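# Observations on the three-dimensional arrangement
One-letter residues, chain by chain:
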Amino acid sequence: MRALVISGGGSKGAFAGGVAQFLIQEAKHNYDLFVGTSTGSLLISHLALNKLDKIKEIYSSVNQDSIFSNCPFVIRKKHGVDVIAINHWNVLKNFAKGRKTFGESENLRYLIRESITVEEFQSLKQSSMDVVVTVSNLSLNQVEYKSINDCTYEEFCDWIWISSNYTPFMSLVRRNGCEYADGGLGSLVPIEEALRRGATEVDVVVLHTEVNYLNRMPVRNPFELITTIFGFMLDRIENQNIRIGKLVANQKDAIINFYYTPTVLTTNSLIFNKERMTLWWKRGYLYAKNKNEETSPIDPEHQE
């Protein structure tokens, strides 16, 4: 049983899309299971449907307005680099409405429902494949995995949206008496879940470099401090997920093939730049192609 796992990573999901396009179209990997977190959750339904051109078009055209109904930050150029600063007016407006987060992402919810039709949902549900998204239940302090086989169309679209809500910058959602947020807060790289569901070979796209090449700059305001703290926490969660995944794979005699980003794509994955994301998709495709040309499936270096 073969699985594709895609980690969280915001706008860097475009790179994962390129990797997946090569693996599905050129390497002819037939997946029985797709597991995603955050931006990975946005990708996997279309990948399972083999609607690669459709999801590529989405990732090549999305921008801040496609995601945020109330964006909590502004993007400025400083020394040729995009930096974010707090949008005080939007944040105060959100608080005045009684919201619990700095910004809101209702536009992303609408985009998901526009991009996945009821017919496509039913087609997936009737297939032999399983599509699973990761969410964090903050009320019960646990990670939950939502399979398409256990959901209605509306429920599944909302779980994809919830999986991608990078709180406190995006919406906090209440469902079934519990508050839910981005799946990456608990399981950024859900390898263990794929193995638990019976996968014997797992292709894993990790939207981070294998080795840390970046030292973070000193923070200049509380907003940057929050993003830095979250970045640090997510890096630790990612490392833990990968170590546990390797351990479980060894116990189950399963194979894991890792696809990391070869370079630092961005220092802020909440910035959605169409030109860059189009380039990252191409880079992901070429990276996967080069990696598969250089290594064989039975190379012990790539079996964990």
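Residues numbered from 1 in each chain as written. Predicted model: local features only at pLDDT ≥ 70, side-chain atom pairs only at ≥ 80, totals over all residues. Heavy atoms only, no water.

## So, the pattern of salt bridges
Scanning the model with the defined rule gives 14 salt bridges in all. In this structure, the salt-bridge partner of Arg-2 is Glu-201, at a minimum N-O distance of 3.2 Å. Placement of Arg-2 in strand E1 (residues 2-6) and of Glu-201 in strand E9 (residues 201-206) is noted, with a sequence separation of 199 residues between them. The pair formed by Arg-2 and Glu-201 is uniform in burial state, with each residue classed as buried. Glu-193 is paired through a salt bridge with Arg-196; the nearest N and O atoms lie 2.7 Å apart. Placement of the pair is Glu-193 and Arg-196 together in helix H9 (residues 191-196), with a separation of three residues, close to one helical turn. We classify Glu-193 as buried; its relative accessible area is 5%. (Salt bridge = Lys/Arg side-chain N within 4 Å of Asp/Glu carboxyl O. Helix = DSSP H or I, 4+ residues; strand = E, 2+ residues; numbered from the N terminus. Buried < 20%, exposed > 50% of the residue type's maximum accessible area, 1.4 Å probe, protein only.)

## Some remarks on helix H5 (residues 88-96)
For H5, the complete set of buried residues consists of Asn-90, Val-91 and Asn-94. Mapping the buried residues of H5 onto a view down its axis gives an arc of 100 degrees, with all of them on the same face. Among the exposed residues of H5, those oriented more than 90 degrees off its buried face are His-88, Trp-89, Leu-92 and Ala-96. Downstream of H5 by a residue or two, Gly-98 has a phi angle that is positive, lying close to 80 degrees. (Arc of directions from axis to C-beta.)

## Details of the pairing of E9
Across the six residues that make up E9, a large majority, six, are buried. Summarising the sheet, E1 and E9 pair through five bridges and their orientation is parallel. Counted as the bridge partner of Arg-2 is Glu-201 from E9. Summarising the sheet, E9 and strand E10 (residues 255-260) pair through six bridges and their orientation is parallel. (Pairing = 2+ DSSP bridges.)

## What to know about the UniProt feature "active site" (unreviewed entry) in the chain
UniProt tags Ser-38 and Asp-182 as "active site" (unreviewed entry). The greatest C-alpha distance among the annotated residues, which extend across 145 residues, is 6.1 Å, indicating that they converge on a single site. Relative to the helices and strands, Ser-38 resides in the loop between strand E2 (33-37) and helix H2 (39-48). Overall, Ser-38 belongs to the buried group, its relative accessible area being 7%. Discounting residues that sit within four places of it in the chain, Ser-38 has contacts with Gly-8, Ser-163, Ser-164 and Asp-182. (UniProt positions renumbered as here; feature names shortened; annotations may be inferred. Contact = heavy atoms within 4.5 Å.)

## A short note on the packing of aromatic side chains
A complete count under the given rule lists 14 aromatic pairs for this structure. With 4.9 Å between their ring centres and 75 degrees between their planes, Trp-159 and Tyr-180 make a pair best called edge-to-face. Placement of Trp-159 in helix H8 (residues 153-163) and of Tyr-180 in strand E8 (residues 178-182) is noted, with a sequence separation of 21 residues between them. Take Trp-159: its relative accessible area is 7%, and that puts it in the buried class. (Phe/Tyr/Trp six-rings, centres within 6.5 Å; stacked < 30°, edge-to-face > 60°.)

## Some remarks on a nonpolar patch on the surface
Nonpolar side chains collect at one region of the surface, where Val-219, Leu-225, Ile-229, Phe-232 and Met-233 lie side by side and expose about 430 Å² of accessible area between them. For Met-233, the location among the structural elements is in helix H10 (residues 222-252). Met-233 gets classed as partly exposed once you look at its relative accessible area, which sits at 40%. (Patch = residues over 30% accessible without salt bridge, like charges linked within 9 Å, V, L, I, M, F, W, Y side chains within 5 Å. Areas by Shrake-Rupley, 256 points an atom, 1.4 Å probe, with all protein chains shown as cover.)

## Things to note about the packing of helix H1 (residues 13-26) against H2
Two numbers describe how H1 lies on H2: the axes approach to 10 Å, and their chain directions differ by 30 degrees. The orientation of H1 with respect to H2, classified from their angle, is roughly parallel. Judged by the sense of rotation from one axis to the other, the crossing of H1 with H2 is right-handed. Touching Gly-13, Ala-16, Gly-17, Ala-20 and Ile-24 of H1 are Thr-39, Leu-43 and Leu-47, all from H2. (Axes fitted to C-alpha atoms, helices over the stretch in contact; angles between N-to-C directions. Parallel < 35°, antiparallel > 145°, perpendicular 65-115°, else oblique. Left-handed = near helix turned anticlockwise from the far one by under 90°.)

## Considering the side chain of Ser-171
Summarising the element assignment, Ser-171 is placed in the loop between H8 and strand E7 (173-175). Relative accessible area serves as the criterion here: at 1%, Ser-171 is assigned to the buried category. Separated by 2.7 Å, the side chains of Ser-171 and Glu-104 make a polar contact. (Polar contact = N/O pair within 3.5 Å; in protein donor to acceptor, adjacent residues only side chain to side chain.)

## A closer look at the environment of Asp-53
Mapped onto the fold, Asp-53 is located in helix H3 (residues 52-59). What makes Asp-53 exposed here is its relative accessible area of 61%.

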